[in-house]
Amino acid sequence: MFLAGGSKNESDKLLGMDQFDVDFYQSDYIIDDTTPGFYEMGTHDENSRQRKNDFSQADILSATMHHTGVLYEPAYSPSFHPQHDQHNESFEDEPPLLEELGINFDHIWQKTLTVLNPWKPADGSILNETDLTGPLIFCFALGSMLLLAGKIHFGYVYTMSILGCLGIHALLNLMSITGVSYGCVASVLGYCLLPMVILSSCAVLFSLQGTIGTVLAAAVIGWCSFSASKMFISTLAMDGQQLLVAYPCALLYGLFALLTVF
């Protein structure tokens, strides 16, 4: 009886534990597994978006084919850029920067050789250009050489150059039939100032106040005036008037010689 009673009690206890477990885990909360999760929703959205894009592209292609009857597929060339090619063509057609500024080293060199060699034939087409690059360089070089010799005469050099160009310009317009521009006169007189720069460099090495200095100054004045008059008559077609043009040029270059010697 005791054993039977014990086994009955144990069976009641086991039934009570099972009922407790059922009561404990029982709940009204229901998990719906049919709702897509976070990643599944993202995938679903991407798929729907892709379908919409496919449908829109299909509609566009169908509308294009319905309108024209032919499906147009533009050929793509990676090396073809209309705007880029247009800019390249515009840059290639533009002249160089130095040419736009009026600086031509070939013409500068030819004019310099014409001055250094007075007996060389002058090219009238080149001399008629209003090139002021060489004259400005030679004026600055003359003032620098005088500065090295202990003479600060930059103001005198520039003032005499301007006044001399104005006087020679007025004289040549009276003597010639075609006339000449002020830029051409300034260019020729400025290039012919190169021998005077050589004389001023000699003044840095030794004094020109003497017989040697006087002879050198006279030779340089004749050199400058002869080169300038040759260029003017070649440009203006003033045959037989070189001496008349050389005289006022000699007076102008004589002033620069006085600055150099004294």
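Criteria and cut-off values
Residues numbered from 1 in each chain as written. Predicted model: local features only at pLDDT ≥ 70, side-chain atom pairs only at ≥ 80, totals over all residues. Heavy atoms only, no water. Disulfide = S-S within 2.5 Å. Buried < 20%, exposed > 50% of the residue type's maximum accessible area, 1.4 Å probe, protein only. Helix = DSSP H or I, 4+ residues; strand = E, 2+ residues; numbered from the N terminus. Expected span 1.5 Å × (residues − 1). Arc of directions from axis to C-beta. Axes fitted to C-alpha atoms, helices over the stretch in contact; angles between N-to-C directions. Parallel < 35°, antiparallel > 145°, perpendicular 65-115°, else oblique. Left-handed = near helix turned anticlockwise from the far one by under 90°. Contact = heavy atoms within 4.5 Å. Patch = residues over 30% accessible without salt bridge, like charges linked within 9 Å, V, L, I, M, F, W, Y side chains within 5 Å. Areas by Shrake-Rupley, 256 points an atom, 1.4 Å probe, with all protein chains shown as cover. Salt bridge = Lys/Arg side-chain N within 4 Å of Asp/Glu carboxyl O.

A. Focus on the state of the cysteines. This model, assessed by the stated rule, comprises zero disulfides. Residue Cys 192 stays outside any disulfide, its sulfur separated by 6.9 Å from that of Cys 224, the closest cysteine. For Cys 192, a relative accessible area of 0% puts it in the buried group.

B. Structural detail: helix 7 (residues 133–148). An ideal rise of 1.5 Å per residue puts 22 Å on 16 residues; helix 7 measures up with 23 Å between its terminal C-alpha atoms. All buried positions along helix 7 are accounted for by Gly 134, Pro 135, Phe 138, Cys 139, Leu 142, Gly 143 and Leu 146. Summarising the axial view, the buried residues of helix 7 lie within an arc of 165 degrees, below the 170-degree limit, and thus occupy one face. In this structure, helix 7 carries Leu 136 and Leu 148 as exposed residues pointing more than 90 degrees from its buried face.

C. Fine view of the environment of Cys 184. You can see Cys 184 is positioned in helix 9 (residues 182–191). Judged by its relative accessible area of 1%, Cys 184 is buried. Along the primary structure Cys 184 and Asn 128 are separated by 56 residues, whereas in three dimensions their C-alpha atoms are 5.8 Å apart.

D. Summary view of the packing of helix 10 (residues 194–205) against helix 12 (residues 242–261). Look at helix 10 against helix 12: their axes get within 10 Å of each other, and the N-to-C directions meet at 15 degrees. Regarding the angle of helix 10 to helix 12, the classification is roughly parallel. As helix 10 packs across helix 12, the resulting crossing turns out to be right-handed. Across from Met 196, Leu 199, Ser 200 and Ala 203 in helix 10, the residues of helix 12 making contact are Tyr 253, Phe 256, Ala 257 and Thr 260.

E. Structural context of a nonpolar patch on the surface. On the surface, Leu 148, Val 204, Leu 205, Phe 206, Ile 212 and Leu 216 cluster together into a nonpolar patch covering about 590 Å² of accessible area. Put simply, the parts of the chain that give the nonpolar patch at least two residues each are helix 10 and helix 11 (211–236). Counting through the fold element by element, Phe 206 comes out in the loop between helix 10 and helix 11. On the basis of relative accessible area, Phe 206 is assigned to the partly exposed category, the value being 37%.

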